[in-house]
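Examination of the molecular architecture
Now for the letters of each chain:
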Amino acid sequence: MPGKDGEALAEQDGPACGRTPAPTVPSCGQGPADEAPIRAAGGCGTAGSPRLDALEMRAWRAFLHTATAVTGVLNHELETGVGLSLHEYEILVRLDEAAGKELRMSSLAEMIGHSRSRLTHTVTRLEKEGFVERRSCPSDKRGVNCALTDPGLAFLRSAAPLHLDGVRRHVIDRLGRGDLEALAEIMSRLNPSG
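Reference entry: report on the structure contained in this document. Everything numeric in this text was worked out from a predicted model, so none of it was measured.

Looking at the overall build of the protein chain
Counting its secondary structure elements, the protein chain contains 7 helices and 3 strands. The secondary structure elements of the protein chain, listed N-terminal to C-terminal, are α-α-α-β-α-α-β-β-α-α. Within the protein chain, the fraction of its 194 residues that count as buried is 29%. Sequence-distant contacts, at least 24 apart, represent 48% of the contacts inside the protein chain between residues at least 6 apart. Element-wise, carbon and sulfur atoms account for 55% of the exposed surface of the protein chain, whose accessible area totals about 12700 Å².

Quick look at the structure:
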């Protein structure tokens, strides 16, 4: 049976993540934008962290919505245009930019933010198309490298104009040079991998 202090905190601050929220107190800092900040109950990030105020929530939701929408549109254009997903395209680009057009699988997974199992699944699809091949790592026989093939490079070069046109239409052309500099700086600061 919970102690009275725990019950009082739960009633005051709202439910923890994963529980059905009380109708009057939304959980995890995602209440209405004009609602005064309220401390979140344990289980929603750092204990005692404040809820997001109206500006913070507006910025967060704008970032999340826009990132999801833009990558969704770019992914759709690549899939319908050349039959390649944005994740697959990103793998080919990273390999093209690497020394010798080859990267260790673990490094590639880290660069594109994939789990190793997800990367393995995607690389398997690209391998079936003949765009990449896996090789033993010369410096560590337990390691596996992923290498861009000549057909993969040719395919990337044919797909790049379509993708870059989409990037320009959906992002670049909508911003001025100052906006682009600010965006690049902000995204650099937000990147968890630095």
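Next comes the rest of the description.
Digging into the packing of aromatic side chains
Tallied over the entire structure, the rule returns 2 aromatic pairs. Centre to centre, the rings of Phe131 and Phe155 are 4.4 Å apart; their planes meet at 20°, and the pair counts as stacked. Of the two residues, Phe131 sits in the loop between helix 5 (116-128) and strand 2 (132-137) while Phe155 sits in helix 6 (residues 150-170), which places them 24 residues apart along the sequence. Considered together, Phe131 and Phe155 belong to a single accessibility category, that of buried residues.

What to know about the sheet that holds strand 1 (residues 102-104)
Taking strand neighbours across the sheet as the criterion, the 3 strands line up as 1-3-2 in an open arrangement whose pairing is antiparallel. The two strands at the open ends of the sheet, each matched to only one other strand, are strand 1 and strand 2. Each strand axis lies, on average, 30° off the axis of its neighbour in the sheet, ignoring direction. Looking at chain direction, strand 1 and strand 3 (residues 140-148) are connected through 3 bridges and run antiparallel. Each residue of the ladder has a partner; that of Arg104, found in strand 3, is Asn145. With respect to the sheet, helix 4 (residues 105-112) is in contact with strand 1, strand 2 and strand 3, its orientation differing from that of strand 1 by roughly 90°. Lying over the sheet, helix 5 contacts strand 2 and strand 3, oriented at roughly 120° with respect to strand 2.

Considering helix 5
Taking 1.5 Å per residue as the helical rise, helix 5 with its 13 residues ought to reach 18 Å, and the 18 Å between its terminal C-alpha atoms agrees with that figure. Every buried residue belonging to helix 5 is among Leu119, Thr122, Val123 and Leu126, and all of these are buried. With its buried residues spanning 100° around the axis, helix 5 presents them on a single face. Every exposed residue of helix 5 that faces more than 90 degrees away from the buried side is listed here: Ser117, His121 and Lys128. At the C-terminal side of helix 5, Gly130 shows a positive phi close to 85°.

What about a nonpolar patch on the surface?
Where nonpolar side chains cluster on the molecular surface, the patch consists of Leu52, Trp60, Phe63, Leu64, Leu175, Leu183, Ile186, Met187 and Leu190 and spans about 720 Å² of accessible area. Secondary structure elements with two or more residues in the nonpolar patch: helix 2 (54-82) and helix 7 (177-190). Per-element accounting of the nonpolar patch gives the leading share, 4 residues, to helix 7. As for its position among the elements, Ile186 is in helix 7.

Structural notes on the environment of Asn145
Along the chain, Asn145 turns up in strand 3. Distance from Asn145 to Leu103, taken between C-alpha atoms, is 5.3 Å for residues 42 residues apart in sequence. In contact with Asn145, not counting residues within four places along its chain, are Glu102, Leu103, Arg104, Met105, Glu133, Arg134, Arg135, Cys137 and Pro138. Within the structure, Asn145 has its side chain in polar contact with the side chain of Glu102 (distance 2.9 Å).

About the thresholds
- Residues numbered from 1 in each chain as written.
- Predicted model: local features only at pLDDT ≥ 70, side-chain atom pairs only at ≥ 80, totals over all residues.
- Heavy atoms only, no water.
- Helix = DSSP H or I, 4+ residues; strand = E, 2+ residues; numbered from the N terminus.
- Buried < 20%, exposed > 50% of the residue type's maximum accessible area, 1.4 Å probe, protein only.
- Contact = heavy atoms within 4.5 Å.
- Areas by Shrake-Rupley, 256 points an atom, 1.4 Å probe, with all protein chains shown as cover.
- Phe/Tyr/Trp six-rings, centres within 6.5 Å; stacked < 30°, edge-to-face > 60°.
- Pairing = 2+ DSSP bridges.
- Axes fitted to C-alpha atoms, helices over the stretch in contact; angles between N-to-C directions.
- Expected span 1.5 Å × (residues − 1).
- Arc of directions from axis to C-beta.
- Patch = residues over 30% accessible without salt bridge, like charges linked within 9 Å, V, L, I, M, F, W, Y side chains within 5 Å.
- Salt bridge = Lys/Arg side-chain N within 4 Å of Asp/Glu carboxyl O.
- Polar contact = N/O pair within 3.5 Å; in protein donor to acceptor, adjacent residues only side chain to side chain.

Keep in mind these values describe shape, not function.
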